[in-house]
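# Geometric and topological summary
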Amino acid sequence: MPRRRQQQHRRASIAMPPTNLSISSPPAAAPGPPLYLRRPLIAAATALAALLLLLIVLVAAAHPYAPWRANSAPTALLSRPVPSAPATKFYSFDLVREYPHDPYAFTQGLLYGGNDTLFESTGLYHRSSVREVDLKTGKVLVQHAMEGRIFGEGLTLLNDKLFQVVWLKKEGFIYDRHNFSKRESFTHKMHDGWGLATDGKVLFGSDGTSSLYQLDPKSIQIMKTVTVKYQDNEVLYLNELEYINGEVWANVWQTDCIARISHEDGLVVSWIFLHELRQHLWNSGNTEIDVLNGIAWDEENQRLFVTGKLWPKLYEIKLRPVDGPRDGSIEKLCPKASFYR
């Protein structure tokens, strides 16, 4: 998808009681227990407060992996769930660790390649590429630079083959994961090319709409399409995809949200809120960053990585459940990032 566009009493009268109305004084409060009976209760309450404070300190110490935690969740998350509403789940995150990331990489596709490496597809005309990256250093190990006319988009790995789609074209490319020079092209029937993921059998695709496609990896023909919805409303701008534990996870373009989707019926079963990641970067002086985009899952070690377009950092995070209203609209839960307003 394209890079962001350039920086969008009245005074109340006091009612007097009627003159013929008799106003009685309230009864005197009953006397409390003698002081010598109250002192043990006060001491017990003080001891209980001290015990609660100790428990809070111990719980906080139980999270050594979180140098900082997300605490600026959307306003819509401040209320408690509505008991009778559908069981949508909501998550914020704890930061496990951060890694360097190429600040010039307009990340469009991201996936874990094993042995602390990542595969990444980058976008923008004359800057698009497919690359293998060292997780710990952010160094590009192998790179295939694409033609200047091509805007790279989603990427996924199936049977040692990297599948990539491109923006504004119904075409894509297949690369040997070990040798990017060995590649072939294909065409597809999605409206556009945005995201790709796989469960090891089929390809899942997105095209910037609310449609989630299932594609045959051999013919690239569409096998099934579901409309992604939350509270009977379509979720638009599905972008980069990742298949994790039976769900398709999708970045929602222009927001700091990830939708966790049932690929069987298209329903959003969970939301992940990552607002503080971009805000933390912005507050650190990284004002050239673009929107959150990029999800990678290390299944063997159960590690989750996220990054964004032109972000100088890639983050390993651990999800933390939070309370959220079941009646919150998509716009309230996932407002557009500030630079898109």
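All figures in this text were calculated on a predicted structure; none of them were measured in a lab.

### A look at the state of the cysteines
According to the stated counting rule, one finds 1 disulfide in the structure shown. A disulfide bridge connects Cys257 with Cys334, and the sulfur atoms are separated by 2.1 Å. Between Cys257 and Cys334, the disulfide has an S-S torsion of -105° and is therefore left-handed. Of this pair, Cys257 sits in strand 18 (residues 257-261) while Cys334 sits in the segment after helix 3 (330-333); the two residues are 77 residues apart in sequence, bridging distant segments of the chain. Exposure class is identical for Cys257 and Cys334. Each is buried.

### Considering the side chain of Gln164
Relative to the elements of secondary structure, Gln164 occurs in strand 7 (residues 161-166). A relative accessible area of 0% means that Gln164 is categorised as buried. Here the side chain of Gln164 touches Ser121 through a polar contact of 3.0 Å, side chain to side chain.

### Some points on the sheet that holds strand 4 (residues 129-134)
With antiparallel pairing, 4 strands are arranged side by side in an open sheet as 2-3-4-5. Every interior strand has two partners, whereas the edge strands, strand 2 (107-114) and strand 5 (140-145), have only one. Strand-to-strand, the axes of this sheet are offset by a mean angle of 15°, without reference to chain direction.

### Brief notes about the environment of Val235
One can find Val235 in the loop between strand 15 (233-234) and strand 16 (238-244). Its relative accessible area of 1% is what places Val235 among the buried residues. Distance in space between the C-alpha atoms of Val235 and Ala259 is 8.8 Å, their sequence separation being 24 residues. When neighbours within four sequence positions are excluded, Val235 is seen to be in contact with Thr209, Ser210, Val228, Lys229, Tyr230, Val252, Val268, Trp271 and Ile330.

### A few points about helix 2 (residues 275-283)
Residues His275, Glu276, Leu277, Arg278 and Leu281 constitute the buried set of helix 2. Of the surrounding secondary structure, the elements contacted by the buried residues of helix 2 are strand 1 (89-100), strand 18, strand 19 (268-273), strand 21 (303-308), strand 22 (313-322) and helix 3. Directly beyond the C-terminal end of helix 2, a positive phi value near 100° is found at Gly285.

### Some words on the sheet that holds strand 11 (residues 203-206)
Read across the sheet, 4 strands follow the order 10-11-12-13 without closing on themselves; strand pairing throughout is antiparallel. Edge positions in the sheet fall to strand 10 (195-198) and strand 13 (222-227), since each has one partner strand and no second. Strand-to-strand twist across the sheet, computed as the mean angle between neighbouring axes with direction ignored, equals 25°. Examined bridge by bridge, strand 11 and strand 12 (residues 211-215) share 4 bridges and lie antiparallel to one another.

### Let's talk about the packing of aromatic side chains
In this structure the tally under the stated criterion is 16 aromatic pairs. Residues Tyr230 and Trp271 carry aromatic rings whose centres are separated by 5.5 Å and whose planes lie at 90° to one another, so their mutual orientation is edge-to-face. Residue Tyr230 is found in strand 14 (residues 229-230), and its partner Trp271 is found in strand 19; the two are separated by 41 residues along the sequence. On the accessibility criterion, Tyr230 (2% relative accessible area) is buried.

### Some thoughts on the pattern of salt bridges
Across all of its chains, the model carries 12 salt bridges by this definition. Of the charged contacts in the structure, one is a salt bridge between Asp160 and Arg177, with a shortest N-O distance of 3.8 Å. Here Asp160 is found in the loop between strand 6 (152-158) and strand 7, whereas its partner Arg177 is found in the loop between strand 8 (171-176) and strand 9 (179-187), with 17 residues between them in sequence. Take Asp160: its relative accessible area is 40%, and that puts it in the partly exposed class.

### Regarding unusual backbone geometry
The phi dihedral of Asp116 is positive, around 55°, even though this residue is not glycine. Examined against the element boundaries, Asp116 turns out to sit in the loop between strand 2 and strand 3 (117-122). In this structure, Ile220 is a non-glycine residue whose phi angle is positive, near 60°. Along the chain, the position of Ile220 falls in the loop between strand 12 and strand 13. In this structure Ile220 comes out as buried when scored by relative accessible area, which is 4%.

### Here's the deal with the nonpolar core
In terms of nonpolar packing, the biggest core is built from 23 residues, with Leu212, Tyr230, Val235, Ile261, Val268 and Trp271 touching the most fellow members. The set of elements that each furnish at least two residues to this core consists of strand 16, strand 17 (247-252), strand 18, strand 19 and helix 3. Once residues lying within four places of it in the same chain are set aside, the contact partners of Leu212 are Phe204, Gly205, Lys224, Thr225, Val226, Val228, Leu241, Val248, Ile261 and His263. Counting 19 residues, the second-largest nonpolar core is a separate cluster that includes Phe93, Trp249, Ile258 and Ile317.

### A closer look at the environment of Tyr99
Mapped onto the secondary structure, Tyr99 falls in strand 1. Sequence spacing of Tyr99 and Leu135 is 36 residues, and the spatial spacing of their C-alpha atoms is 7.0 Å. Once you skip the residues sitting within four places of it in the chain, Tyr99 turns out to touch Leu135, Lys136, Arg303, Phe305, Pro312, Lys313, Leu314 and Glu316. Here Glu316 takes part through its side chain, which lies 3.0 Å from a polar atom of the side chain of Tyr99.

### Here's the deal with the confidence of the model for the chain
For the chain, per-residue confidence averages 82 on the pLDDT scale, and 74% of positions sit at 70 or higher. In this model residues 3-42 is a low-confidence stretch, pLDDT under 50, and it forms 15 contacts with partners more than four residues away in sequence or in other chains. Residue range residues 56-67 is modelled with pLDDT below 50. Its contacts to residues more than four positions away, or to other chains, number 10 contacts.

Thresholds, definitions, all that
- Residues numbered from 1 in each chain as written.
- Predicted model: local features only at pLDDT ≥ 70, side-chain atom pairs only at ≥ 80, totals over all residues.
- Heavy atoms only, no water.
- Disulfide = S-S within 2.5 Å.
- Helix = DSSP H or I, 4+ residues; strand = E, 2+ residues; numbered from the N terminus.
- Buried < 20%, exposed > 50% of the residue type's maximum accessible area, 1.4 Å probe, protein only.
- Polar contact = N/O pair within 3.5 Å; in protein donor to acceptor, adjacent residues only side chain to side chain.
- Pairing = 2+ DSSP bridges.
- Axes fitted to C-alpha atoms, helices over the stretch in contact; angles between N-to-C directions.
- Contact = heavy atoms within 4.5 Å.
- Phe/Tyr/Trp six-rings, centres within 6.5 Å; stacked < 30°, edge-to-face > 60°.
- Salt bridge = Lys/Arg side-chain N within 4 Å of Asp/Glu carboxyl O.
- Core = buried A, V, L, I, M, F, W, Y, C linked by side-chain atoms within 4.5 Å.
- pLDDT = per-residue confidence, 0-100.

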